[in-house]
Amino acid sequence: QTVRWHIELQPWASPTPSLNYEASRFLKYISTSQISCEHMNLNSLKGYSETPKKPWSVCLDERFGLIHRIRSKQCRLYSLGLGNDDNQFELSMANSGCEVHRFDPSIKAAHIQEGRHLWYHRLSIDWRDPNPAIAAHKLHSNTKKLGTVLNEFGHQKIDVLKADVESAEWKILENLILEDVVEQIGQLVFEVHIHWPGFEVSGNDSTVVRYWYSLLRELELKDFRLFHTYKDLSKPQMFLKKEAFNASSCYTLSWVNTRWK
């Protein structure tokens, strides 16, 4: 299998590159569910009481594997975060019997276990592994690619990957696609930020939006379908540093891998 270095960019949305057309296509795409999911509420699971601050929606329909893996206590959640206090979703998944791994560089110890099913790791999931020459100087910057962590933990599959990584999500998603790690994941719940291009995403505005759109289309090619989309109106209404297109700076998107058994 050949290693891919770049994702396939989709054709421009219009005959000549135009931010208006790119933004319109992208925003319509992230606002439109591709399949319906009837059961997204974790309240149906035992041990769940509080409503989370954010709509971290997973699909619990019978036709997808997650609900069956929860029932058989074989489910695994990876949560990528940056010093976020809202861990209600993680706790509820752990309470329902899922093995939950929370990765956050701000955690005080390298590994902490809380209860039977919840682990915290002082690790930042990145789109590249550290350069050995540089890493020696930065002993505290513990960053690894998700594929590397899966190998080190001996995990073949993740049922749910939740990410709230403050604009690193685009490059992380690209890495998961390029290395085929995404195929080991059952559902993706990502907070995406569109008030600026994101870490290490370059180009003019229309190029950036085309790249974002192309990334999400790659997920679709890998049989992921968007089943829930949430526009966060509590965040600034910004799109690439402009108050434009009636967009929020932040959306929470949930996909299910329809090939996942």
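What this report covers is the structure whose coordinates are included nearby. Values in this document were obtained by computation on a predicted structure and should not be read as measured data. (Residues numbered from 1 in each chain as written. Predicted model: local features only at pLDDT ≥ 70, side-chain atom pairs only at ≥ 80, totals over all residues. Heavy atoms only, no water.)

### Side note on the packing of aromatic side chains
Taken as a whole and assessed by the stated rule, the structure comprises nine aromatic pairs. With a centroid separation of 5.1 Å and 15° between ring planes, the pair formed by Trp-170 and Trp-212 is classed as stacked. With Trp-170 in helix α6 (residues 169–178) and Trp-212 in helix α7 (residues 205–221), this pair connects stretches of sequence that are 42 residues apart. Both residues of the pair, Trp-170 and Trp-212, belong to the buried class. Judged by centre distance (5.2 Å) and plane angle (80°), the ring pair of Phe-239 and Phe-245 falls under edge-to-face. Among the aromatic side chains, those forming a connected cluster through ring pairs are Phe-26, Trp-170, Trp-212, Phe-239 and Phe-245. A cation sits over an aromatic face here: Lys-157 above Trp-260, 4.8 Å from the ring centre. Lys-162 extends its terminal NZ or CZ atom over the ring of Trp-56, reaching a point 4.3 Å from the ring centre. (Phe/Tyr/Trp six-rings, centres within 6.5 Å; stacked < 30°, edge-to-face > 60°. Helix = DSSP H or I, 4+ residues; strand = E, 2+ residues; numbered from the N terminus. Buried < 20%, exposed > 50% of the residue type's maximum accessible area, 1.4 Å probe, protein only. Lys NZ or Arg CZ within 6 Å of the ring centre and 35° of its normal.)

### Considerations on the packing of helix α1 (residues 19–30) against α7
Running from amino to carboxyl end, α1 crosses α7 at an angle of 30°, the nearest separation of the two axes being 9 Å. Of the possible angle classes, the one that applies to α1 and α7 is roughly parallel. Relative to α7, α1 is oriented so that their crossing is left-handed. Facing Leu-19, Glu-22, Ala-23, Arg-25, Phe-26, Tyr-29 and Ile-30 of α1, the residues of α7 in contact are Asp-205, Ser-206, Val-209, Arg-210, Trp-212, Tyr-213, Leu-216, Arg-217 and Glu-220. When the residues that make up the contact of α1 with α7 are grouped by side-chain class, the tally is nine nonpolar, one polar and six charged. (Axes fitted to C-alpha atoms, helices over the stretch in contact; angles between N-to-C directions. Parallel < 35°, antiparallel > 145°, perpendicular 65-115°, else oblique. Left-handed = near helix turned anticlockwise from the far one by under 90°. Contact = heavy atoms within 4.5 Å. Nonpolar A, V, L, I, M, F, W, Y, C, P; charged D, E, K, R; others polar.)

### Notes on the state of the cysteines
Under the counting rule described, the total for this entry stands at two disulfides. Residue pairing for Cys-75: its cysteine sulfur links by disulfide to Cys-98, the two sulfurs lying 1.5 Å apart. Taking the sign of the torsion about the S-S bond as the criterion, the disulfide between Cys-75 and Cys-98, at about 115°, is right-handed. Of this pair, Cys-75 sits in the loop between α2 (65–71) and β1 (76–81) while Cys-98 sits in the loop between α3 (88–95) and β2 (99–103), placing them 23 residues apart in sequence. Exposure remark for Cys-75: the relative accessible area of 3% places this residue in the buried category. (Disulfide = S-S within 2.5 Å.)

### Quick look at the pattern of salt bridges
Here the structure, examined in full by the defined rule, presents 16 salt bridges. In this structure, Glu-99 engages Arg-76 in a salt bridge whose closest nitrogen and oxygen atoms are separated by 3.2 Å. Remark: Arg-76 occurs in strand β1 and Glu-99 occurs in strand β2; sequence separation between them is 23 residues. According to the relative accessible area criterion, Glu-99 is partly exposed, its value standing at 22%. Judged by its relative accessible area of 17%, Arg-76 falls in the buried class. With a closest N to O distance of 2.8 Å, Asp-223 and Arg-259 form a salt bridge. Of the two residues, Asp-223 is situated in the loop between α7 and β9 (224–231) and Arg-259 in the segment after β10 (250–257); the sequence distance between them amounts to 36 residues. Assessed through its relative accessible area of 52%, Arg-259 is described here as exposed. Bridged by salt links that share partners, the residues Glu-90, Arg-102 and Lys-162 form one connected network. (Salt bridge = Lys/Arg side-chain N within 4 Å of Asp/Glu carboxyl O.)

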